[in-house]
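# Fold and contact review
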Amino acid sequence: VGHCHPDIVKAAHEQNQLLNTNSRYLHDNLVDYAERLSKTLPEKLCIFYFLNSGSEANDLALRLARQYTKHEDVIVLDHAYHGHLTSLIDISPYKFRNLEGQKEWVHVAPVPDTYRGLYREDHEDPVTAYSDEVKNIIEHAHKRGRKIAAFFVESLPSVGGQIIPPAGYFQKVAEHVHKAGGVFIADEIQVGFGRVGKHFWAFQLQGEDFVPDIVTMGKPIGNGHPLACVATTKEIAEAFAATGVEYFNTFGGNPVSCAIGLAVLDVIEKEHLQAHATEVGNFLMKILKEQQIKHPIIGDVRGCGLFIGVDLIKDHVE
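Residues numbered from 1 in each chain as written. Predicted model: local features only at pLDDT ≥ 70, side-chain atom pairs only at ≥ 80, totals over all residues. Heavy atoms only, no water.

Just so we agree on the cut-off: UniProt positions are given in the numbering used here, feature names are shortened, and annotations may be inferred rather than shown by experiment.
In the nomenclature of an unreviewed UniProt entry, the protein corresponds to AT2L2 lyase from the organism Elachura formosa. Under Sequence similarities (unreviewed entry), UniProt gives the following word-for-word description of the protein: "Belongs to the class-III pyridoxal-phosphate-dependent aminotransferase family." Comment text from UniProt for the protein, heading Cofactor (unreviewed entry), reads "pyridoxal 5'-phosphate".

See the structure below:
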């Protein structure tokens, strides 16, 4: 919502003057904020955990998935990055390929990129082709005695190249993953909160019939303040609680953080920032496509709202 937005600064200052505690102390801001967030999400995503960073959120999502499914393995997309904790480096090909390599419980699926990926725009059914790659990974894992806990994906792969997965891909992948006893985790840390314009969450670009089992949030949620969230279903949360090991985060969901989170949602609504993302994004895409006609080095211009990629190339054929 913009650097040092006065409404955000005011909300933080006012709450700081009153009270800031760790989250063992009850405070209305936590419940009020969870309620406000729940209104932006599908009904089944009704349990919220608050944390300090996107990395913490993704790490907790991994724990939730494993506890609920009692499985270990994770499928991720090639080139993905999900955070800087050890657990997340392990599921980030963008990082682990330069470090200790791929763990046996990690499986890497091709990015559903219809411009320079395995199956391109001229393919008769790229959605099925890319989702079948995931299905094949699951079958191969099962033959080795492995079991899938989760398919972990950014709703729009960012580090992987600002990729817009073809609509319907998530539904087909979720079908294969659920059949294998796993869950679908949508990482909205970079692409959520109205950035895509037409929807509040990027996973909604896949269609109204698609709902992830877990959604993670960070970055824009607090407009620079350390705030993050995991939203999930009652069933997954209950399985997690059944261990008797409570989830506790000293500062996650403290009164100041939640006041800031509420103020961010207010600003997005009051200043019509979703419509703004659509309008400015469409304008930027238009002028970039005009440049594409003039300059052969621009191979592809793709995006949605203010999530936009320009693919620079040497050879149009490759």
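More follows now that the structure is in view.
### Regarding the pattern of salt bridges
Any two side chains of opposite charge can pair, on the condition that their charged atoms come close. The criterion, for reference: Salt bridge, as used here, is a side-chain nitrogen of Lys or Arg placed within 4 Å of a carboxyl oxygen of Asp or Glu. For the purposes of this entry, the term helix denotes a DSSP run of H or I that reaches at least four residues, the term strand denotes a run of E that reaches at least two, and both are numbered from the N terminus. The buried label goes to any residue with under 20% of its type's maximum accessible area, the exposed label to any with over 50%, and the partly exposed label to all in between, with areas taken from a 1.4 Å probe on protein chains only.
Evaluation of the coordinates by the stated rule reveals 15 salt bridges. Notably, a salt bridge pairs R24 with E246, separated by 3.4 Å at the nearest N-O pair. Here the residue R24 occupies a position in the loop between α1 (6–18) and α2 (28–38), and E246 occupies one in the loop between α8 (234–241) and α9 (255–270), the gap between them amounting to 222 residues. Of the charged contacts in the structure, one is a salt bridge between D90 and K103, with a shortest N-O distance of 3.2 Å. Of the two residues, D90 is situated in the loop between α4 (86–89) and α5 (93–96) and K103 in the loop between α5 and β3 (106–109); the sequence distance between them amounts to 13 residues. A residue is classified by how much of its surface remains accessible, and D90, at 12% relative accessible area, is buried. Counted as one network, the salt bridges with shared partners bring together E72, D73, E104 and R146.

### Examining the environment of D113
Applied cut-off: Throughout this description, a polar contact denotes any pair of N or O atoms lying within 3.5 Å of each other; where both atoms belong to protein, one of them has to be capable of donating a hydrogen while the other can accept it, and for residues adjacent in sequence the pair is counted only when both atoms sit in side chains.
With respect to the secondary-structure elements, D113 resides in the loop between β3 and α6 (126–143). A distance of 3.3 Å separates the side chain of D113 from the backbone nitrogen of R116, its partner in a polar contact.

### Description of the environment of K294
Structurally, K294 is set in helix α10 (residues 273–294). According to the relative accessible area criterion, K294 is exposed, its value standing at 58%.

### Structural notes on a nonpolar patch on the surface
This is how the line gets drawn: Residues enter patches when their relative accessible area tops 30% and they take part in no salt bridge; the joining distance is 9 Å for like charges and 5 Å for the nonpolar side chains Val, Leu, Ile, Met, Phe, Trp and Tyr. In this description, accessible areas are obtained by the Shrake-Rupley approach with a 1.4 Å probe, and a residue is regarded as covered only by the protein chains that are shown.
Taken together, the side chains of F283, L284 and I287 define a hydrophobic patch exposed on the protein surface, amounting to about 250 Å² of accessible area. Of note, L284 is situated in helix α10. Under the relative-accessibility criterion, L284 is labelled partly exposed at 33%.

### Description of the packing of α6 against helix α7 (residues 169–179)
Selection rule: Note on geometry: axes are C-alpha line fits, over the in-contact stretch for helices, and angles between N-to-C directions span 0 to 180 degrees. Put simply, angles under 35 degrees are roughly parallel, angles over 145 are roughly antiparallel, angles from 65 to 115 are roughly perpendicular, and the rest are oblique. We call a crossing left-handed when the near helix sits turned anticlockwise from the far one by less than a right angle, and right-handed when that turn is clockwise. Here a residue-residue contact requires only that any non-hydrogen atoms of the pair lie within 4.5 Å. Each residue gets one of three labels, nonpolar for Ala, Val, Leu, Ile, Met, Phe, Trp, Tyr, Cys and Pro, charged for Asp, Glu, Lys and Arg, and polar for the others, Gly among them.
Packing of α6 against α7 leaves a shortest axis separation of 9 Å and a crossing angle of 20 degrees. The orientation of α6 with respect to α7, classified from their angle, is roughly parallel. The element α6 and its partner α7 pack so that their crossing is right-handed. Each of V127, T128, Y130, S131, D132, V134, K135 and I138 in α6 lies in contact with α7, whose residues at this interface are Y169, K172, V173, H176 and V177. Grouping the amino acids of the contact of α6 with α7 by side-chain chemistry returns seven nonpolar, three polar and three charged.

### Quick look at the domain arrangement of the protein
Stated formally: Source of the domain bounds: an automatic or database domain assignment. The buried area of a pairing is the accessible area, by a 1.4 Å probe, that goes missing from both parts when the two are put together, added over both.
Per the domain assignment, the segments making up the protein are domain 1 (6–271) and domain 2 (276–312). Listed per partner, the contact involves 16 residues of domain 1 and 14 residues of domain 2. Of the roughly 1,200 Å² buried between domain 1 and domain 2 on both sides combined, carbon and sulfur atoms contribute 58%. Of all residues in domain 1, Y115, Q162 and R195 bury the most surface against domain 2, accounting for 46% of the area lost on that side. Remark: the boundary between domain 1 and domain 2 carries one salt bridge.

### Focus: the pairing of strand β5 (residues 183–187)
The condition is simple: With its strands directed away from the observer, a crossover is right-handed exactly when the path from the first strand over the helix to the second travels clockwise.
The buried fraction of β5 amounts to five of the five residues, a majority that puts the element mostly inside the structure. Here β5 shows no split at all, with V183, I185 and D187 on one side and F184 and A186 on the other all buried. Crossover handedness for the path strand β4 (residues 148–154) to α7 to β5: right-handed.

### Considering the environment of H176
Tracing the backbone shows H176 in helix α7. Sequence separation between H176 and I138 is 38 residues; the distance between their C-alpha atoms is 8.0 Å. Contact partners of H176, with chain neighbours within four places excluded, come to S131, D132, K135 and I138.

### A closer look at the nonpolar core
Note the following rule: We define the nonpolar core as a collection of buried residues of types Ala, Val, Leu, Ile, Met, Phe, Trp, Tyr and Cys that are connected through side-chain atoms lying within 4.5 Å of one another.
Counting 51 residues, the largest nonpolar core has Y33, L37, V134, F151, F184, F193 and M217 as its most contacted members. With nine residues, the top contributor of residues to this core is α9. Filtering out sequence-adjacent residues up to four positions away, F151 remains in contact with I75, L77, V134, Y169, V173, V177, V183, F184 and I185. A57, L60, F96 and A228 belong to the second-largest nonpolar core, a separate cluster that totals 25 residues.

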